[in-house]
Amino acid sequence: MFNEFHYQVRGRGHELDGTRGQDRTAYLSGRGIQVLCLADGAGSASQSEFGAQAVVEEGCALLIEQFGQFDTSADAEQARQEILERLHERLAGVGRRLGCTFADLASTFLAVAVSAERFVVVHIGDGVIGYVKNGELRVVSAPDNAEFANQTTFVTSPDAASSTRLFRGATEGVSGFILMSDGTSASLFDNRSKTLAPACAKLIEAVAVAPTRQVKSPEHKKRLRRVVDTRLREATKDDCSIGILARRS
Amino acid sequence: MALAIGADDLIENPTPRVPVILCLDTSGSMMGDKIRELVRGVNLFYDAIDEDDDAHDAAEVSIVKFNSEASLIQDFSSVERLQRRDAIDATGGTALGEGVNLALDTLEKRKSVYSGAGVLYYQPWLVLMTDGQPNGSAVELERAVQRVTDLVAQKKLTVFPIGIGTDADMDVLAKFSPNRPPLRLRGLSFKEFFEWLSKSVSRVSRSTPGDTVKPDLEGLAGWAEL
């Protein structure tokens, strides 16, 4: 079993101009699968926080339902299509409800799903997904930024299918995964060396050793949120979101 | 117990850069008030960037001047290292094509430096200012137009061709800007133009993925004749 932690905080830029935060995270477990999803709504899209919320919810449900297929299927192209069709379908419903266009709901999408023995990773756009394997911190999927800093691929982009990155593997030796939006990656990912900050391993470890008994507001989550609210948020004007799945120690 | 995350555990990435290259006509016809106001405007541009929290860390400015030949008088630098100028000599012809080609070469080199160092950057801006008709090499001019329009078509460059005074060849400037007509500076309102430019650079430096930063056309009314 993996412990989970996920959190998003509105960036200083949005706070200054009085706009809503656009990062969203979600966690779901069922059928022996645990899923963590994260999405960063596009700055230019007027309702992107609703799009981000929709894709993290739908992504969690989809990965629980289709984990076995994604883990074993030889046809990656079909998996990409299936993921996007499902996310697009959900976004179309949100668009009808809000009376907005598909593009108004643009966001990135990052997901990690784990079973007892296997994992599946899905990544569209920027942000970073990393993991600790055999004690070593590694990048699973780096940001997709095209040439310029303010360009990336979104779930709603015409080239989303070809830009969807899929990874899968055995969880043996894996002690945890970390997902982050581009705001968070400002202090947890080195753009020059394409490596993760040492803090990632500490954060994963903090989630791994957390007590498993149910309490309303666990102390370890308060401490983790404090790190995001202060250290990570101060390094950027963008929203910060993070998701961690850490194998219970 | 607090989670012990020290400074060494975190990364301090360089601020993504906004490269701005000014390609300025310093031919003989610019002599007098025009070149004085232009130099004053450039210095004000530096000051405005210096005072803006976002632009200060992001903007990198370079200057190419062209008269009978083209030369790089300011390589890309952050605002702290930009050299304020007292004057620029205005003399000779108007080798506009040579100037633009040198500006684009300088830009390509800078982009290579960014990429090699893992520094993210935004779409570069080229500001082209002239008060006359080009009289350098026709081949160089044609090559410059082609390079700029290709980059603009690929969304790899934002270009602002600006005519100074009534003698500026707006038809030639229009060739550099397929998507937007060139603008003619109202009188010698360089100050207003460079204030507008610094604000625009600041907007770009605050943008995040998905943001489409279009030129603030309302702001243009403050300095240009449309």
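This text goes with the structure placed above it.
Note that the coordinates shown come from a computational prediction; the quantities given were computed from them, not determined experimentally.

Asks: Any chance you could break down the interface of chain B and chain A for me, citing the residues and the numbers?
Replies: At the interface, 33 residues of chain B touch 34 residues of chain A. Between chain B and chain A, a total of about 2,800 Å² is buried, with carbon and sulfur atoms accounting for 55% of that surface. Taken as a group, Leu3, Ile11 and Pro209 of chain B account for 24% of the area that chain B buries against chain A, more than any other trio of residues on that side. At the junction of chain B with chain A, the criterion picks out 4 salt bridges. Put simply, Lys237 of chain A and Asp54 of chain B hold a salt bridge, and the shortest N to O gap is 2.8 Å. In this assembly, chain B and chain A are joined by 13 residue pairs in polar contact (both at pLDDT 80 or more).

Asks: Summarise the pattern of salt bridges; cite the residues concerned and give the values.
Replies: Residues and elements named next belong to chain A. Tallied over the entire structure, the rule returns 26 salt bridges over all chains. The shortest N-O distance in the salt bridge between Glu77 and Arg80 comes to 3.6 Å. You can see Glu77 and its partner Arg80 sitting in helix α3 (residues 76–98), 3 residues apart, about one turn around the helix. Residue classification places Glu77 among the partly exposed residues on the basis of a relative accessible area of 41%. Judged by its relative accessible area of 18%, Arg80 falls in the buried class. Linked by salt bridges that have partners in common, Glu57, Glu58, Glu65, Arg86 and Arg90 make up one network.

Asks: Can you explain unusual backbone geometry? Please cite residues and give values.
Replies: Unlike most non-glycine residues, Arg31 of chain A shows phi in positive territory, near 55 degrees. Secondary-structure assignment places Arg31 of chain A in the loop between β2 (23–30) and β3 (33–40). Arg31 of chain A gets classed as exposed once you look at its relative accessible area, which sits at 66%. Of note, the phi angle at Lys155 of chain B is positive, near 55 degrees, even though the residue is not glycine.

Asks: Requested: an account of the environment of Thr26 of chain B, with residues and values cited.
Replies: Residue and element names in this part refer to chain B. For Thr26, the location among the structural elements is in the loop between β1 (18–25) and α1 (33–51). In this structure the C-alpha to C-alpha distance between Thr26 and Ala95, which are 69 residues apart in sequence, comes to 9.7 Å. Not counting the four nearest positions on each side in its chain, Thr26 is found in contact with Ile35, Lys65, Phe66, Asn67, Ile88, Asp89, Ala90 and Thr91.

Asks: Give a description of the pairing of strand β1 (residues 2–9) of chain A that names residues and reports values.
Replies: Residues and elements named next belong to chain A. Of all 8 residues that make up β1, 6 are buried, and the element is covered over most of its length. Sheet topology note: the β1/strand β12 (residues 240–247) ladder contains 8 bridges and is antiparallel. Residue pairing for β12: Gln8 is matched across the bridge by Ser241.

Asks: Summarise the nonpolar core; cite the residues concerned and give the values.
Replies: In terms of nonpolar packing, the biggest core is built from 38 residues, with Leu22, Leu38, Phe45, Met129, Phe193, Phe194 and Leu197 of chain B touching the most fellow members. Broken down by secondary-structure element, the contributors of at least two residues to this core are β1, α1, α2 (53–58), β2 (59–66), β4 (125–130), β5 (158–164), β6 (183–185) and α6 (190–205) of chain B. Residues within four places of Phe194 of chain B in sequence aside, it is in contact with Leu22, Leu38, Gly41, Val42, Phe45 and Met129 of chain B. Counting residues in hydrophobic clusters, the runner-up holds 32 residues, among them Ile33, Cys60, Leu87 and Ala113 of chain A.

Asks: Residues and numbers for the packing of aromatic side chains, please.
Replies: All names here are of chain B. This structure, assessed with the given rule, holds 13 aromatic pairs over all chains. A centroid spacing of 5.3 Å and a plane angle of 85 degrees characterise the contact between Phe160 and Trp196, whose relative ring orientation is edge-to-face. In this pair, Phe160 is assigned in strand β5 and Trp196 in helix α6, connecting sequence segments 36 residues apart. Between the aromatic rings of Phe193 and Phe194, the centroid separation amounts to 5.0 Å while the plane-to-plane angle is 70 degrees, which identifies the pairing as edge-to-face. Here Phe193 and Phe194 have matching classes, each one buried. Through a chain of ring-to-ring contacts, three or more aromatic side chains come together here, namely Phe45, Tyr46, Trp125, Phe160, Phe193, Phe194 and Trp196.

Calculation notes
Residues numbered from 1 in each chain as written. Chains lettered and ligands numbered in written order. Predicted model: local features only at pLDDT ≥ 70, side-chain atom pairs only at ≥ 80, totals over all residues. Heavy atoms only, no water. Contact = heavy atoms within 4.5 Å. Buried area = accessible area lost by both parts, 1.4 Å probe. Salt bridge = Lys/Arg side-chain N within 4 Å of Asp/Glu carboxyl O. Polar contact = N/O pair within 3.5 Å; in protein donor to acceptor, adjacent residues only side chain to side chain. Helix = DSSP H or I, 4+ residues; strand = E, 2+ residues; numbered from the N terminus. Buried < 20%, exposed > 50% of the residue type's maximum accessible area, 1.4 Å probe, protein only. Pairing = 2+ DSSP bridges. Core = buried A, V, L, I, M, F, W, Y, C linked by side-chain atoms within 4.5 Å. Phe/Tyr/Trp six-rings, centres within 6.5 Å; stacked < 30°, edge-to-face > 60°.

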